[in-house]
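# Understanding the architecture of this molecule
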Amino acid sequence: MEIYRAVEHFDEPLHLESGRILSEFDLAYECYGKLNENKSNAIVVCHALTGSAHAAGIYEGDRKAGWWDGVIGDGKIIDTTKYFVICVNILGSSFGSTNPLSIEPSTKKEYRLRFPVLVISDVVRAQMRLFDRLGIKEAYAIIGGSLGGMQALCFAIEFPNFAKRVIMLATTYATKAWAIAFNKIAIEGIVKDPNFKGGYYDKDDIAANGLTGMALGRMAGHISFLSPATMDKKFGRKYVETDGLYELLGRFEVDRYMEYNGNNFPKRFDPLSYLYVVKMMNNFDCTRHYGSLNEALMLTRARLTFISFSGDILFPPNLMLEMYEALVKIGQGHRGRYICVDSDYGHDAFLVEIDKIEEHIKKALDE
């Protein structure tokens, strides 16, 4: 499978929901497969909170495949011999698209805290500009999990004629207090860390040495991504062999896992970008401009597939069930399907337990 990656520059203003304007912006994206002659086989894959456009395949000289490599590829669930797959790095993220460390045209300096607060609608409208430039007037399907599912839902509501099928996994129609509370730990950890320097930190120093406050916040995030059953299965009560049981700071294996993931995260994801993307997640509520979930879903036209996971504590299954039930209530249940996958893995099951979602995604694509 060939990977095509590019950065598209838009020398035109993007009017944001906040009232602010991005006078110009870049979008990094990757493509897999070939667009057919009438450009009707495009599947848009939306990434999650800390994801990137690198959804599948392996770059030359790289050891790690894209974040959904088990799903996207020749002969895989999203078959790139049949479909043209495109994944766009969202605005605000630190993987190639315009973000807080980008140069602000009016000042010729990095935006930093002058970067505008973005919402999911802004992200989706920017992507629509890209698809229009690429000549993709209609998508065969849109699919995404977590923050990617929020984008997929936003596409379905705000651009109802763009996609025939919209598949959402492990997501919500509005971010609830439980998820916002987990995000608060990361936010506080970052802004209260002296090395954050009010947003004007040395980015090379952070990339090399990390940021303690952000690492602590990421540890809290990892707890929300997994489940108690998964933690027990992965680690149990195993102790680090080199640490003494009666050393005050001796570690269990789960301690070491949390340290590893927490401490490495700030070295690959910019702290300011993280604050802006988390704010985007916290602000998400697809009902805000429509009065109710029912009214928002009345605008949709696509077939909607809702896939939740029983062990997801970040976005519990009832949130997606509410969406399906709302679709039924407005007399559009024939356009929807709700599945609760039996899984004790946790929120990240949509990234890991590919075998449990394979048949559901294939069915949604074939309908």
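As the structure is a computational prediction, the values presented were derived from the model and not from experiment.

Between its first and last C-alpha atoms helix 1 (residues 120–133) spans 20 Å; for 14 residues at 1.5 Å apiece the expected length is 20 Å, and the two agree. A large share of helix 1 lies buried, amounting to ten of its 14 residues. Here helix 1 has its buried residues at I120, S121, D122, V123, V124, A126, Q127, M128, L130 and F131.

The next thing to look at is the nonpolar core. Among the nonpolar cores identified, the biggest contains 80 residues, and I142 and F162 are the most heavily contacted of them. Dropping the residues within four chain positions of it, F162 is found in contact with V44, M128, F131, I136, K137, E138, A139, I142 and F155. Grouped together as the second largest cluster of nonpolar side chains are 38 residues, I43, I143, M258 and F309 included.

In the contact formed by helix 3 (residues 177–191) and helix 5 (residues 212–225), the axes pass within 7 Å of each other and the chain directions differ by 170°. Compared by their axis directions, helix 3 and helix 5 come out roughly antiparallel. Residues F182, I185, A186, G189 and I190 of helix 3 pack against G213, M214, G217, A220 and S224 of helix 5. Class assignment for the residues of the contact of helix 3 with helix 5 results in six nonpolar, four polar and no charged.

Time to look at the side chain of S52. Looking at the element boundaries, S52 is found in the loop between strand 5 (42–46) and strand 6 (72–73). Polar side-chain contacts of S52 include one of 3.1 Å to the backbone nitrogen of H54. Setting aside residues no more than four positions away along its own chain, S52 makes contact with H47, W67, C87, N89 and F95.

With five of five residues buried, strand 5 lies mostly within the body of the structure. Alternating residues of strand 5 divide into A42, V44 and C46 and I43 and V45, and every residue in both groups is buried. Bridge analysis of strand 5 against strand 8 (residues 84–88) gives four bridges, and the strand direction is parallel. Bridge assignment links V44 to a residue of strand 8, and that residue is I86. Taken together, the four bridges between strand 5 and strand 11 (residues 141–145) define a ladder with parallel strand orientation. Directly across from C46, in strand 11, lies its bridge partner G144.

We now examine the side chain of D122. Inspection of the secondary structure puts D122 in helix 1. Residue D122 is classed as buried on the basis of its relative accessible area of 0%. Polar side-chain contacts of D122 include one of 2.9 Å to the backbone nitrogen of E17. Setting aside anything within four residues of it in sequence, one finds D122 in contact with L14, H15, L16, E17, L91 and V117.

With that settled, the discussion passes to the pattern of salt bridges. Inspection of every chain in the model, using the stated rule, returns 20 salt bridges. Among the ionic pairs, R251 bridges to D243, the shortest N-O distance being 2.8 Å. Three or more residues joined by partner-sharing salt bridges are found here, namely E8, E12, R129 and R133.

At a minimum axis distance of 10 Å, the contact between helix 3 and helix 8 (residues 271–283) shows a crossing angle of 155°. Of the possible angle classes, the one that applies to helix 3 and helix 8 is roughly antiparallel. Crossing of helix 3 against helix 8: the hand is left-handed. For the pair helix 3 and helix 8, contact is made by I180, N183, A186, I187, I190 and V191 and by P271, Y274, L275, V278, M281 and N282, respectively. Broken down by class, the residue content of the contact of helix 3 with helix 8 amounts to ten nonpolar, two polar and no charged.

Our focus in this paragraph is the sheet that holds strand 4 (residues 25–32). Each strand in a sheet pairs with its neighbour through backbone hydrogen bonds, running either in the same direction (parallel) or in the opposite one (antiparallel). Strand order in this open sheet of eight strands is 1-4-8-5-11-12-13-14, and the pairing throughout is mixed. With one partner strand each, in any of the chains shown, strand 1 (3–10) and strand 14 (336–341) form the two edges of the open sheet. Direction aside, the axes of adjacent strands within the sheet are offset by 20° on average. Strands strand 5, strand 11, strand 12 (165–169) and strand 13 (303–309) of the sheet are contacted by helix 2 (residues 147–158), whose axis makes an angle of about 145° with strand 11. Across the sheet, helix 10 (residues 317–329) is in contact with strand 12, strand 13 and strand 14; its angle to strand 13 comes to roughly 155°.

Criteria and cut-off values
Every chain begins its residue count from 1, and numbering advances along the sequence as written. Side-chain atom pairs in this predicted model are given and counted only at pLDDT of 80 or more, local residue features only at pLDDT of at least 70, and totals for whole chains, interfaces and linings cover all residues. For side-chain calculations, the full set of non-hydrogen atoms in the structure is used, while hydrogens and water are omitted. Every helix listed is a DSSP run of H or I at least four residues long, and every strand listed is a run of E at least two residues long, numbered separately from the N terminus. Helix span, as expected, comes to 1.5 Å for every residue beyond the first. Type-normalised accessible area, obtained with a 1.4 Å probe on protein chains alone, sets the label of each residue: buried when under 20%, exposed when over 50%, and partly exposed for intermediate values. Buried residues of nine kinds, namely Ala, Val, Leu, Ile, Met, Phe, Trp, Tyr and Cys, make up a nonpolar core once their side-chain atoms join them within 4.5 Å. By definition in these notes, contact holds between two residues if any of their heavy atoms fall within 4.5 Å. Between the N-to-C directions of two axes lies an angle of 0 to 180 degrees, each axis being a line fitted to C-alpha atoms and, for a helix, fitted only over the stretch in contact. By the definition adopted for this analysis, an angle is roughly parallel if under 35 degrees, roughly antiparallel if over 145, roughly perpendicular if from 65 to 115, and oblique otherwise. Side-chain classes are defined by residue name, with Ala, Val, Leu, Ile, Met, Phe, Trp, Tyr, Cys and Pro counting as nonpolar, Asp, Glu, Lys and Arg as charged, and the others, Gly among them, as polar. Here a polar contact is taken to be a pair of N or O atoms separated by no more than 3.5 Å, where protein atoms must pair a possible hydrogen donor with a possible acceptor and residues adjacent in sequence count only if both atoms sit in side chains. Paired strands are those between which DSSP finds at least two bridges. The salt bridge criterion pairs a side-chain nitrogen of Lys or Arg with a carboxyl oxygen of Asp or Glu, the two atoms within 4 Å. For any helix crossing, the convention is left-handed if the near helix is rotated counterclockwise from the far helix by under a right angle, and right-handed if that rotation is clockwise.

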